[in-house]
Amino acid sequence: MSQTVIRVENLSKQYVLGALRHDTLRDQLAAGMRRLAGRGTASPDQNRIWALQDVSFAVDQGEIIGVIGRNGSGKSTLLKILARITRPTRGRATIRGQVGSLLEVGTGFHAELTGRENIYLNGAILGMSRQETQRKFDEIVAFAEVEKFIDTPVKRYSSGMYLRLAFAVAAHLESEILLVDEVLAVGDAAFQKKCLGKMGSIVDEGRTILFVSHNMTAIQGLCSRAIWLDLGQMLEDGPTQQVVSNYLRSNASGTHAEQTWDDFASAPGSDEVRLHRVAARPRDGQPQDAITVLDPVVLEFEYWNQQPGLHLNLSLFVHNEQGIMVFNTAPLHEPVWHGRPFPVGLFRSVCHIPGSLLNDGTYRVTLLVVKDQAIVLSRHADILTFEVQDSSAARGAWHGQWPGVVRPLLEWETELRATLSGAPVERDSSTTARS
Ligand SMILES: Nc1ncnc2c1ncn2[C@@H]1O[C@H](COP(=O)(O)OP(=O)(O)OP(=O)(O)O)[C@@H](O)[C@H]1O
Ligand SMILES: [Mg+2]
């Protein structure tokens, strides 16, 4: 029987809004949304919100659990309580084993200390002897690729170096439980891959991981079970596939069939190119209209080019709700602008997906803005979500789930080649059917 290593019972955390640090715009939006939704008002005092409300679950040793939910849903609060960085207002969290945590970048590291000193400090916090930490030291430094800077105070590190060292320390030191909050948002693609690989091997060693991420592909790749938090409450706890698919369908996932950024300065992108609008719609409709499996789908991207003379192209990765990448496409055969230098201005690129290609389900589009067909200027994970619905016109008499990653409408031919009597078969007795 597997052993329960984390038990969370009716865990609730209340914050006082007056004391709230709205670090980012999304924090403010989340807090605003919460007030609109009327949640967090269990106390007559309108200035208090419940960042977590009555959350209960148990985790067995060796499980890797994905924690998902939109901004401000309580994911980091949950991890902070488990890491004993903050205390619950009500309920309790019981933990068996040493906890290593990689929470928002910064926790666990002391800015004035060098990389080397921080590694030993973290070892000591986990109850490891100096010799035990020493044995892991080289591995940590090699994983983090910070050999040259190991005797430099970490406050001088770039955010990438800082993150690499923080992940290496959390992953290599002998903690039985690892709490990982959104590491993948910061690192580059190569480091993300390395982290995901390392997390996989940590679980193979029988250690337990709670992994918070907005990257559904990573969650689906690593976790067999997922917990979905919304406005501090647990909406679902179950097999990852099912929970992620419900989350994406719920429109709580923070991505939409349409998004517009009116303020250039805060729009997503890079100094060269910033997004203005993205949308997904049926060819003959609007972004809020339903798309069926028969409809051609149009994906629209409007973006500002700020730097004259850039050779730009977009690149799209389209994932289905099982986390499978259905296709990647780039406008390399686009007749007008591909290969030409882009002047400064507002551009619009449109991608046409034929009807009768995608199966029913929810799709997530990741957008890359690429320069010279090689350099990624910016990457926008899951910037668009759209749902393709089934159509009775496309189904014939079959009513079950239509299997398959794609659902193309293919040409079929059937002909009668011979009869039992051996009578000659006339040419026009063949029939053609489409399926
Ligand atoms: N120290 C704090 N003081 C007051 N309120 C806080 C504090 N930390 C978080 N909150 C609030 O608690 C709620 C939950 O925040 P939390 O950081 O747990 O969300 P999250 O799910 O991690 O979001 P994100 O996906 O943006 O990281 C939010 O409304 C947030 O503004
Ligand atoms: Mg968070």
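Read on for an overview of the structure. Quick caveat: nothing in here was measured; it's all calculated off a predicted structure. (Residues numbered from 1 in each chain as written. Chains lettered and ligands numbered in written order. Predicted model: local features only at pLDDT ≥ 70, side-chain atom pairs only at ≥ 80, totals over all residues. Heavy atoms only, no water.)

### With respect to the overall build of the protein chain
Move 1: Across its full length, the protein chain carries eight helices and 20 strands.
Move 2: Taking all 435 residues of the protein chain together, 45% fall into the buried category.
Move 3: Accessible area of the protein chain: about 22,100 Å², with a carbon and sulfur share of 51%. (Helix = DSSP H or I, 4+ residues; strand = E, 2+ residues; numbered from the N terminus. Buried < 20%, exposed > 50% of the residue type's maximum accessible area, 1.4 Å probe, protein only. Areas by Shrake-Rupley, 256 points an atom, 1.4 Å probe, with all protein chains shown as cover.)

### Quick word on the sheet that holds strand β8 (residues 225-230)
Move 1: With respect to topology, six strands assemble into an open sheet ordered β5-β6-β7-β3-β8-β9, the strand pairing being mixed. In this open sheet, the two strands that pair with only one neighbour each are β5 (99-102) and β9 (233-239). Strand-to-strand twist of the sheet, defined as the mean angle between neighbouring strand axes without regard to direction, takes the value 15 degrees.
Move 2: Pairing analysis gives four bridges linking strand β3 (residues 64-68) to strand β7 (residues 208-212), with the strands arranged parallel. Its bridge partner being in β7, V67 is matched across the sheet by V212.
Move 3: Contacting β3, β5, β6 (177-181), β7 and β8, helix α2 (residues 75-82) runs over the sheet at an angle of about 150 degrees to β6.
Move 4: In this fold helix α8 (residues 240-249) packs onto β3, β8 and β9, with an angle of close to 140 degrees to the strand it touches most, β9. (Pairing = 2+ DSSP bridges. Axes fitted to C-alpha atoms, helices over the stretch in contact; angles between N-to-C directions. Contact = heavy atoms within 4.5 Å.)

### Points about the pattern of salt bridges
Move 1: On inspection of all chains with the given rule, the structure shows 19 salt bridges.
Move 2: We note a salt bridge from R277 to E300, for which the minimum N-O separation is 3.1 Å. On the criterion of sequence distance, the pair formed by R277 in strand β11 (residues 273-282) and E300 in strand β13 (residues 297-305) is long-range, its members being 23 residues apart. Exposure class is identical for R277 and E300. Each is buried.
Move 3: E300 serves as the salt-bridge partner of R348, at 3.2 Å between the closest nitrogen and oxygen. Taken together, the residues span a long stretch of sequence, with R348 in strand β16 (residues 345-353) and E300 in strand β13 at a distance of 48 residues. (Salt bridge = Lys/Arg side-chain N within 4 Å of Asp/Glu carboxyl O.)

### Let's talk about the nonpolar core
Move 1: Counting residues in each nonpolar core, the largest one holds 48 residues, and the members touching the most others are L165, I209 and F211.
Move 2: With residues up to four places along the chain from it excluded, the contact list for I209 reads E63, I64, I65, L178, V180, M199, I202 and V203.
Move 3: By size, the runner-up hydrophobic cluster in this structure holds 32 residues, among which are V326, L384, F386 and V388. (Core = buried A, V, L, I, M, F, W, Y, C linked by side-chain atoms within 4.5 Å.)

### Thoughts on the pairing of strand β14 (residues 312-319)
Move 1: Extensive coverage of β14 is indicated by the burial of seven of its eight residues.
Move 2: Where β14 lies against strand β17 (residues 361-371), eight bridges are found, and the strand directions are antiparallel. By the bridge assignment for β17, L314 is matched with V369.
Move 3: A loop of five residues connects β14 with strand β15 (residues 325-329), the two strands running antiparallel in sequence, and G323 in this loop sits at a positive phi of about 85 degrees.

### Some points on helix α5 (residues 159-172)
Move 1: Taking 1.5 Å of rise per residue, 14 residues should cover 20 Å, and α5 covers 20 Å from first to last C-alpha, within 8% of that figure.
Move 2: If you check which residues of α5 are buried, you get M161, Y162, L163, R164, L165, A166, F167, A168, V169, A170, A171 and H172. (Expected span 1.5 Å × (residues − 1).)

### Examining unusual backbone geometry
Move 1: We note that N10 has phi near 45 degrees; this positive angle belongs to a residue other than glycine.
Move 2: Positionally, N10 belongs in strand β1 (residues 4-16).
Move 3: Look at N10 and you get partly exposed, because its relative accessible area is 43%.

### Description of the environment of L314
Move 1: Secondary-structure assignment places L314 in strand β14.
Move 2: By relative accessible area, L314 is classed as buried at 6%.
Move 3: For the pair formed by L314 and K371, sequence separation is 57 residues and the distance between their alpha carbons is 8.7 Å.
Move 4: Apart from residues lying up to four places away in sequence, L314 is in contact with F301, Y303, T329, A330, P331, S349, L367, L368 and V369.

### Details of the side chain of N305
Move 1: Within the fold, N305 resides in strand β13.
Move 2: Among the polar contacts made by the side chain of N305, one reaches the main-chain carbonyl oxygen of Q307 at a distance of 3.0 Å.
Move 3: Polar side-chain contacts of N305 include one of 3.1 Å to the backbone oxygen of P343.
Move 4: Leaving out residues up to four positions away in the same chain, N305 has contacts with E272, V273, L310, L312, F342, P343, V344, G345 and F347. (Polar contact = N/O pair within 3.5 Å; in protein donor to acceptor, adjacent residues only side chain to side chain.)

### Regarding the packing of helix α4 (residues 130-144) against α5
Move 1: For the pair α4 and α5, the least separation of the axes is 8 Å and the interaxial angle reads 145 degrees. For the pair α4 and α5, the sense of crossing is right-handed. Residues K136, E139, I140, F143 and A144 of α4 touch α5, and the partners they reach there are R164, L165, F167, A168, V169 and H172.
Move 2: Taken together, the residues that form the contact of α4 with α5 break down as seven nonpolar, one polar and three charged. (Left-handed = near helix turned anticlockwise from the far one by under 90°. Nonpolar A, V, L, I, M, F, W, Y, C, P; charged D, E, K, R; others polar.)

### Some details on the packing of aromatic side chains
Move 1: Under the defined criterion, the tally for this structure stands at nine aromatic pairs.
Move 2: Judged by centre distance (5.8 Å) and plane angle (25 degrees), the ring pair of F143 and F167 falls under stacked. One end of the pair, F143, is in helix α4; the other, F167, is in helix α5, and 24 residues separate them in sequence. The two residues F143 and F167 agree in class, both being buried.
Move 3: When the ring of W337 is compared with that of F347, the centres are 5.3 Å apart and the planes differ by 90 degrees; the resulting orientation is edge-to-face. Of this pair, W337 sits in the loop between β15 and β16 while F347 sits in strand β16, and the two are ten residues apart along the sequence. (Phe/Tyr/Trp six-rings, centres within 6.5 Å; stacked < 30°, edge-to-face > 60°.)

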